[in-house]
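Structural overview
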Amino acid sequence: MATLSLRMRDDLKAKAQQLASEQGVSLNSYINATLAATVAQAETLAMMGDKFDGVDRDRLRARVMKFMSATQSGPEPTPVEIERAIAGKPDVGGR
């Protein structure tokens, strides 16, 4: 594991320490978790960008909005229902 000396503004450190304390973790753990989440987000966005390369984004947006407009209160959809909605197939379960 690498050791890193980090310089940051005093007010930023105080705010980060407060957030870490609220989560019941050390500042070191909080910074590691926050950095890991940021890296994972960047990697996911890069992967999704590659996956959606060449996709008609207006059509995709319309499909997502159609799905979202059909949502209703109740139990969460099953993974199968989500996959069917993503594929644009009708829902057999009546939801």
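Remember, it's a predicted structure, so these values are computed and weren't measured experimentally. (Residues numbered from 1 in each chain as written. Predicted model: local features only at pLDDT ≥ 70, side-chain atom pairs only at ≥ 80, totals over all residues. Heavy atoms only, no water.)

**A few points about the overall build of the protein**
To keep it simple, the criterion reads: A run of H or I in DSSP becomes a helix once it reaches four residues, and a run of E becomes a strand once it reaches two; helices and strands are each numbered from the N terminus. Only C-alpha atoms enter the radius of gyration, while the globule expectation follows 2.2 Å times N to the 0.38, with N the number of residues. In this scheme, a residue with accessible area under 20% of its type's maximum is buried, one over 50% is exposed, and one in between is partly exposed, where area comes from a 1.4 Å probe on protein chains only. The Shrake-Rupley method, run with a 1.4 Å probe sphere, supplies the accessible areas, and residue values consider only the shown protein chains as cover. When charges are counted, Lys and Arg are positive and Asp and Glu negative, with His and the chain ends excluded. By convention, the point assigned to a charge is CZ for Arg, NZ for Lys, CD for Glu and CG for Asp.
Each helix and strand in the protein was counted, giving four helices and zero strands. Counting from the amino terminus, the protein carries its helices and strands in the arrangement α-α-α-α. Relative to the 2.2 N^0.38 estimate, which gives 12 Å for 95 residues, the radius of gyration of the protein is 21 Å and therefore markedly larger than a compact globule would have. Per-residue burial for the protein yields a buried fraction of 4% across its 95 residues. Total accessible area computed for the protein in this model is approximately 8500 Å², and 57% of it derives from carbon and sulfur atoms. Placing the 13 positive and 12 negative side-chain charges of the protein at their respective mean positions leaves the two points 2 Å apart.

**Re the layout of surface pockets**
The criterion, for reference: A cavity here means a set of points on a 1 Å grid, drawn over the protein atoms and nothing else, where a 1.4 Å probe fits but cannot get out; a pocket is an open set with protein on both sides within 12 Å along at least five of seven lines, and a residue lines either one if it has an atom within 4 Å of a point. Grid points are joined across faces, edges and corners, and a volume is the space filled by probe spheres set on the points. In this count, Pro and Cys sit with the nonpolar residues alongside Ala, Val, Leu, Ile, Met, Phe, Trp and Tyr, while Asp, Glu, Lys and Arg are called charged and the others, Gly among them, polar.
In this structure, the second largest pocket occupies an estimated 310 Å³ of space. As for the second largest pocket, its lining consists of Met1, Ala2, Thr3, Leu4, Leu6, Asn28, Ile31, Asn32 and Leu35. Taken together, the residues that form the lining of the second largest pocket break down as six nonpolar, three polar and no charged.

**Topic: a nonpolar patch on the surface**
Heads up, the condition is: The patch calculation keeps residues exceeding 30% relative accessible area without a salt bridge and links them within 9 Å when they carry like charges or within 5 Å when they are nonpolar (Val, Leu, Ile, Met, Phe, Trp, Tyr). By salt bridge we mean one thing: a side-chain nitrogen of Lys or Arg within 4 Å of a carboxyl oxygen of Asp or Glu.
Taken together, the side chains of Val64, Met65, Phe67 and Met68 define a hydrophobic patch exposed on the protein surface, amounting to about 340 Å² of accessible area. Relative to the elements of secondary structure, Met68 occurs in helix α3 (residues 57-69).

**A look at the side chain of Glu81**
Spelled out, the test is: Polar contacts, as counted here, are pairs of nitrogen or oxygen atoms within 3.5 Å of one another; within protein the pair requires one atom able to donate a hydrogen and one able to accept it, and residues that are adjacent in sequence qualify only if both atoms are side-chain atoms.
Structurally, the position occupied by Glu81 is in helix α4 (residues 79-87). A relative accessible area of 17% means that Glu81 is categorised as buried. Engagement of the side chain of Glu81 in a polar contact is seen with the backbone nitrogen of Thr78, the distance being 2.7 Å.

**Remarks on the environment of Val39**
Mapped onto the elements, Val39 comes out in helix α2 (residues 27-51). Taking the C-alpha atoms as reference points, Val39 and Ala62, separated by 23 residues in sequence, lie 29 Å from one another.

**Here we look at the confidence of the model for the protein**
Note the threshold: By definition, pLDDT measures how confident the predictor is in each residue, and it falls between 0 and 100.
Here the protein averages 88 in pLDDT, while 94% of its residues score no lower than 70. For the protein, the element scoring lowest by mean pLDDT is α4, at 87; helix α1 (residues 10-23) scores highest, at 96.

**Observations concerning α3**
Selection criterion: A helix is expected to span 1.5 Å multiplied by its residue count minus one.
For α3, built from 13 residues, the straight-helix expectation of 18 Å at 1.5 Å per residue is met to within 8% by its first-to-last C-alpha distance of 18 Å. The distance from a side-chain oxygen at the start of α3 to the backbone nitrogen of Asp58 is 3.1 Å, and the residue carrying that oxygen is Asp56.

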